[in-house]
Every structure is written in C-alpha cells, then in structure tokens.
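Okay, here's what each chain looks like letter by letter:
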Amino acid sequence: MPFNEKFKELRQSKLPPLTQTDLANVLGMTQRKISFLETGATEPSLRDLKAICMYFQVSADYLLDLPNTLERK
C-alpha cells in the first residue's frame, strides 16, 4: 500500500478520527499539506516523515512500505 493510503488510514484510525485540520495542528503543518500527502500530490519531507512516525508510533519502513529486512546484493 502506498504512503498516501497508509497515512490517510492512520489518521482515520484514531478514535475519535482526526480531521485533516486536527492532524495538521498536531504535526505543525497546514491542512492543505495533509490533503496533498493523502492524495499523493506530494511526498513528505524527512522532517515531516519523522513527525508522522513519532505521532502515530510507526516506523518509516512501515510508511514507506519497505520490507522488514533488506538483502544486500
């Protein structure tokens, strides 16, 4: 599942579900940026990715859909 879908799912899974504006306030972003991230119109900066991971207590690997282990080639 792509980042934008996981991000939206995380926001909506909070109880009660967060609005884009609520999440924007918590993360120090604008509602418009949250919307762009959820639609895939833009990708998160490293700073944004860190804030998202910390708030939702998930790893960047999860959000970026990376495997649990990476094989060296």
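Residues numbered from 1 in each chain as written. Predicted model: local features only at pLDDT ≥ 70, side-chain atom pairs only at ≥ 80, totals over all residues. Heavy atoms only, no water.

With that settled, the discussion passes to the overall build of the chain. Helix and strand content of the chain: five helices and zero strands. For the chain, whose C-alpha radius of gyration is 13 Å, the value lies close to the compact-globule estimate of 11 Å for 73 residues. Considering only C-alpha atoms, the chain reaches an extent of 45 × 25 × 20 Å along its principal axes. Nonlocal contacts in the chain, meaning residues at least 24 apart in sequence, comprise 52% of its contacts between residues at least 6 apart. Summed over all atoms, the accessible surface of the chain reaches about 5,300 Å², with 52% contributed by carbon and sulfur. (Helix = DSSP H or I, 4+ residues; strand = E, 2+ residues; numbered from the N terminus. Rg over C-alpha atoms; globule rule 2.2 N^0.38 Å. Contact = heavy atoms within 4.5 Å. Areas by Shrake-Rupley, 256 points an atom, 1.4 Å probe, with all protein chains shown as cover.)

Among the structural elements, M1 can be located in the segment before α1 (3-13). For M1 and Q20, which are 19 residues apart along the polypeptide, the C-alpha to C-alpha distance reads 20 Å.

Mapped onto the fold, E5 is located in helix α1. Considered as a pair, E5 and L37 are 32 residues apart in the sequence and their alpha carbons are 9.1 Å apart.

So, about the nonpolar core. The biggest cluster of nonpolar side chains holds 15 residues, and the ones touching the most others in it are F3, F7, L23, I34, I52 and L63. Broken down by secondary-structure element, the contributors of at least two residues to this core are α1, α2 (20-27), α3 (31-39) and α4 (46-56). The element that contributes the greatest number of residues to this core is α4, accounting for four residues. When near neighbours in sequence (up to four residues on either side) are disregarded, F7 contacts L23, I34, L37, E38, I52 and F56. (Core = buried A, V, L, I, M, F, W, Y, C linked by side-chain atoms within 4.5 Å. Buried < 20%, exposed > 50% of the residue type's maximum accessible area, 1.4 Å probe, protein only.)

On to unusual backbone geometry. Backbone torsion omega between L15 and P16 reads -10 degrees, so that peptide bond is classified as cis. Positive phi, normally seen in glycine, also occurs at Q57, with a value near 55 degrees. At D65, a residue that is not glycine, the phi angle is positive and equals roughly 60 degrees. Take D65: its relative accessible area is 45%, and that puts it in the partly exposed class.

What follows is about the packing of α1 against α3. At their nearest, the axes of α1 and α3 sit 6 Å apart, and the two run at 125 degrees to each other. Looking at the two axes, α1 sits oblique to α3. Contacts between α1 and α3 involve F3, N4, F7, K8 and R11 from the first element and I34, L37, E38 and T39 from the second. Residue composition of the contact of α1 with α3, grouped by class: four nonpolar, two polar and three charged. (Axes fitted to C-alpha atoms, helices over the stretch in contact; angles between N-to-C directions. Parallel < 35°, antiparallel > 145°, perpendicular 65-115°, else oblique. Nonpolar A, V, L, I, M, F, W, Y, C, P; charged D, E, K, R; others polar.)

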